[in-house]
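Each chain, written out:
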Amino acid sequence: RKITDFITYYSKARKAFSKIPGPPSIPLFGSAHLFKWNVMKFSYQVEEWGRKYLLADPEKSHGMWHLWAGPVPVIVCGTHESIRVILESNSNITKPHHYQILEKWLGTGLVIRTNNDWHARRKLLTPAFHFNILRRYIPIFGEQTQILLNIFDEHADTNEIVDVFPLIKRCGLDIIAETAMGTRLGSQTHHNSQYIDAVYRLSQIAWDHIRFPWLWLKPIWNISGYANEFNSKCEIAQNFTRKVIEQRREALEEEGLLDGEVTEEQVKTKKLALLDLLLMMQKANALSDEELRAEVDTFMFEGSDTNASAIGFTLWFLGQHPEYQEKVHEEIDEIFGSDNRHPTEEDICRMVYIEKCYKEALRMTPPVPIIARQLSHDTPIGDVVLPEGMTVIVSPVSASRDARYWERPEEFYPNHFDSDKQAARDSYSFIPFSGGPRNCIGQKFAVLEAKSMLAQIFRRFRIESIDIWPANRPLPEIILKPSNGFKVQLYRR
Ligand code: HEM
């Protein structure tokens with residue numbers, strides 16, 4: 001039966017591919033013999049293929065192009081027509097096997113769960129990301145950014161060129177640790193933490209595993225040294241989280257928050273971390289300690305480097321465009337005057353122009369450059385039927401360079417997000433947080449954090465970027481990163 005399934009699958013894939021353009025391929029190797037090995041060159045190559053094949057016959061391809069990754073058929077969805085079909089689906093929510101490497105670290109956390117397991121868990125976690133909960137984290141954004149500003153201060157007005165990416169990353173990590181786990185990591189002030197090092201290495205190794213198919217073969221993975229390092233870093237990261245969970249549990253027990261009904265008033269007045277909320281719902285929802293740990297580690301993974309990438313790129317683009325930066329300064333001065341307070345919820349709501357700049361950076365350089373699904377059933381898109389089991393890659397970059405919707409697709413231009421322009425655009429042409437039922441649960445958290453941090457940074461500094469777009473090409477890892485950091489000069493205003 002397996003062989004017949006296999007033959008049916010391949011004949012369906014071939015039929016679909018005959019209607020969709022893609023680079024030339026040869027049996028077994030697919031297009032792998034054409035792949036550039038250097039990541040930078042490979043990223044240019046994929047971009048070039050995307051442009052060429054999406055534009056070849058947009059009507060016929062329905063916004064898709066195909067790729068044989070060795071013997072594995074892959075579809076890339078690059079415009080809102082095809083993306084909508086995939087992301088809007090309530091049933092095509094399975095992640096491809098490439099994500100399995102993350103399972104060892106993130107267990108059955110939300111980001112890699114599938115099917116009914118996913119629906120139930122998503123429903124359970126959604127209230128923890130309600131705005132009423134998130135607004136309580138705003139003071140943490142302010143306090144942690146203050147530490148970042150003090151570090152920036154050491155480099156300001158000296159003409160020194162400083163790469164602010166690692167500094168922003170550590171600030172992002174401290175923020176997510178305090179909001180998700182209720183713990184102060186202090187990575188901005190002391191850099192030598194085993195836990196921080198483990199989290200960084202785990203993301204890097206996972207990316208290598210995803211992009212080098214030979215590492216998927218167990219013997220090679222084991223002898224390469226990666227397996228040992230990955231396992232030991234997993235243990236460090238997970239043991240750290242387990243310890244924090246125990247400490248929080250004891251603290252909540254002492255306050256009587258774990259037994260019986262907790263009133264809404266109690267929840268409102270406490271500064272509860274996401275983990276505290278999970279602990280409070282643990283019994284009623286039969287969540288095991290390990291499931292709880294997996295969710296907390298997922299928040300740490302999804303919620304730190306993504307934000308750092310988005311905030312870093314916004315800052316770097318603004319550092320190249322004094323005309324837009326001036327508007328940011330004007331908005332900040334109007335909101336804060338000469339007051340030095342940390343941004344409040346009301347202040348953040350008033351940051352309309354900063355939000356446009358942030359969204360424009362997300363459009364140009366979406367922090368999650370690849371969203372992937374494995375189809376759970378045959379899926380028609382136009383007159384093409386993609387077979388069950390096929391890997392589909394959704395490309396936020398392609399969608400947000402579609403000249404039908406973006407006046408200046410290749411340029412940083414915050415006016416793209418003027419309200420009338422936003423209203424006239426298909427929502428699936430801007431998907432940095434994905435879309436449909438499986439979109440980013442932390443989206444509101446991310447926007448709040450970014451606006452708060454950017455306002456504090458630009459209130460104190462004027463920034464000049466060193467590399468100018470399109471130099472400093474973003475590299476597509478699990479999370480997008482600049483190839484040359486975010487090198488800037490800082491001047492106190
Ligand atoms: C700029 C910042 C962020 C960006 C661009 C971003 C982007 C995304 C994207 C594209 C997905 C879908 C991934 C996929 O389907 O493969 C996703 C999922 C997710 N994100 Fe975010 N994210 C950001 C910040 C955050 C934060 C701050 C948190 C948590 C505190 C978070 C938690 C999650 C979780 C748990 C999922 C899985 C959702 C599910 O599968 O139901 N993200 N994010």
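Refer to the structure above for everything that follows.
No experiment lies behind these values; they were computed from the predicted model shown. (Residues numbered from 1 in each chain as written. Predicted model: local features only at pLDDT ≥ 70, side-chain atom pairs only at ≥ 80, totals over all residues. Heavy atoms only, no water.)

Asks: Help me out: how do you make sense of the sheet that holds strand E1 (residues 64–69) in this one?
Replies: The strands that make up a sheet are held in pairs by hydrogen bonds between backbone atoms, and each pair lies either parallel or antiparallel. Pairing is mixed across the open sheet formed by 4 strands, whose spatial order is E1-E2-E7-E4. Strands with a single pairing partner mark the edges of an open sheet, and in this sheet they are E1 and strand E4 (371–374). The mean angle between the axes of side-by-side strands here comes to 25°, regardless of whether they run parallel or antiparallel. Note that E1 and strand E2 (residues 72–77) share 6 bridges and pair antiparallel. Paired with Trp65 across the strands is Val76, a residue of E2. Lying on the sheet, helix H1 (residues 2–18) is in contact with E1 and E2; it crosses E2 at an angle near 40°. (Pairing = 2+ DSSP bridges. Helix = DSSP H or I, 4+ residues; strand = E, 2+ residues; numbered from the N terminus. Axes fitted to C-alpha atoms, helices over the stretch in contact; angles between N-to-C directions. Contact = heavy atoms within 4.5 Å.)

Asks: For this particular structure, what's the right way to read the packing of helix H8 (residues 138–155) against helix H9 (residues 165–181)?
Replies: Relative orientation and spacing of two packed helices are given, respectively, by the angle between their axes and the distance between those axes. Between H8 and H9, the least distance of the axes is 10 Å, while the angle of their chain directions is 155°. With respect to H9, the element H8 is oriented roughly antiparallel. Note on packing geometry: the crossing formed by H8 with H9 is right-handed. Residues Ile140, Phe141, Gln144, Thr145, Leu148, Ile151 and Phe152 of H8 lie in contact with H9, whose contacting residues are Leu167, Ile168, Cys171, Asp174, Ile175, Glu178 and Thr179. Considered class by class, the residues forming the contact of H8 with H9 number 9 nonpolar, 3 polar and 2 charged. (Parallel < 35°, antiparallel > 145°, perpendicular 65-115°, else oblique. Left-handed = near helix turned anticlockwise from the far one by under 90°. Nonpolar A, V, L, I, M, F, W, Y, C, P; charged D, E, K, R; others polar.)

Asks: Help me understand the site of the ligand in this model?
Replies: The ligand sits among 29 residues. The nearest are Trp118, Arg122, Asn307, Arg438 and Cys440. In the environment of the ligand, an oxygen atom lies 3.1 Å from a nitrogen or oxygen atom belonging to the side chain of Lys95. Within the side chain of Tyr99, a nitrogen or oxygen atom sits 3.3 Å from an oxygen atom of the ligand. Of all elements in the fold, only helix H6 (115–125), helix H15 (289–303), helix H16 (305–318), E4 and helix H22 (443–460) reach the threshold of two or more residues within the shell around the ligand. For the shell around the ligand, a count of residues per class yields 17 nonpolar, 7 polar and 5 charged. (Near = heavy atom within 4 Å. Polar contact = N/O pair within 3.5 Å; in protein donor to acceptor, adjacent residues only side chain to side chain.)

Asks: Sorry, what's going on with the coordination of the iron atom of the ligand here?
Replies: Around a metal, the idealised angle for a tetrahedral arrangement of four donor atoms is 109.5 degrees; for an octahedral arrangement of six donor atoms it is 90 or 180 degrees. Counting protein donors to the iron atom of the ligand gives just one, Cys440 (SG), placed at 2.3 Å. In this structure, Cys440 sits in the loop between helix H21 (419–423) and H22. (Donors = N, O, S within 2.8 Å, 3.2 Å for Na, K, Ca; no water.)

Asks: Sorry if this is basic, but what is going on with the packing of aromatic side chains here?
Replies: For any pair of aromatic rings, geometry is given as the distance between the ring centres together with the angle between the planes. Scanning the entire structure with this criterion turns up 29 aromatic pairs. A centroid spacing of 5.3 Å and a plane angle of 80° characterise the contact between Phe129 and Phe299, whose relative ring orientation is edge-to-face. Separated by 170 residues along the polypeptide, Phe129 in the loop between H6 and helix H7 (131–134) and Phe299 in helix H15 bring together distant segments of the chain. Note on accessibility: Phe129 and Phe299 belong to one class, buried. Counting every residue linked through ring pairs, the aromatic cluster contains Phe165, Phe313, Trp316, Phe317, Tyr324, Phe412, Trp469 and Phe486. Across from the ring centre of Trp406, 5.1 Å away, lies the NZ or CZ of Arg363, which sits over that ring. The residue whose ring lies beneath Arg425 is Phe417, and the NZ or CZ to ring-centre distance is 5.4 Å. (Phe/Tyr/Trp six-rings, centres within 6.5 Å; stacked < 30°, edge-to-face > 60°. Buried < 20%, exposed > 50% of the residue type's maximum accessible area, 1.4 Å probe, protein only. Lys NZ or Arg CZ within 6 Å of the ring centre and 35° of its normal.)

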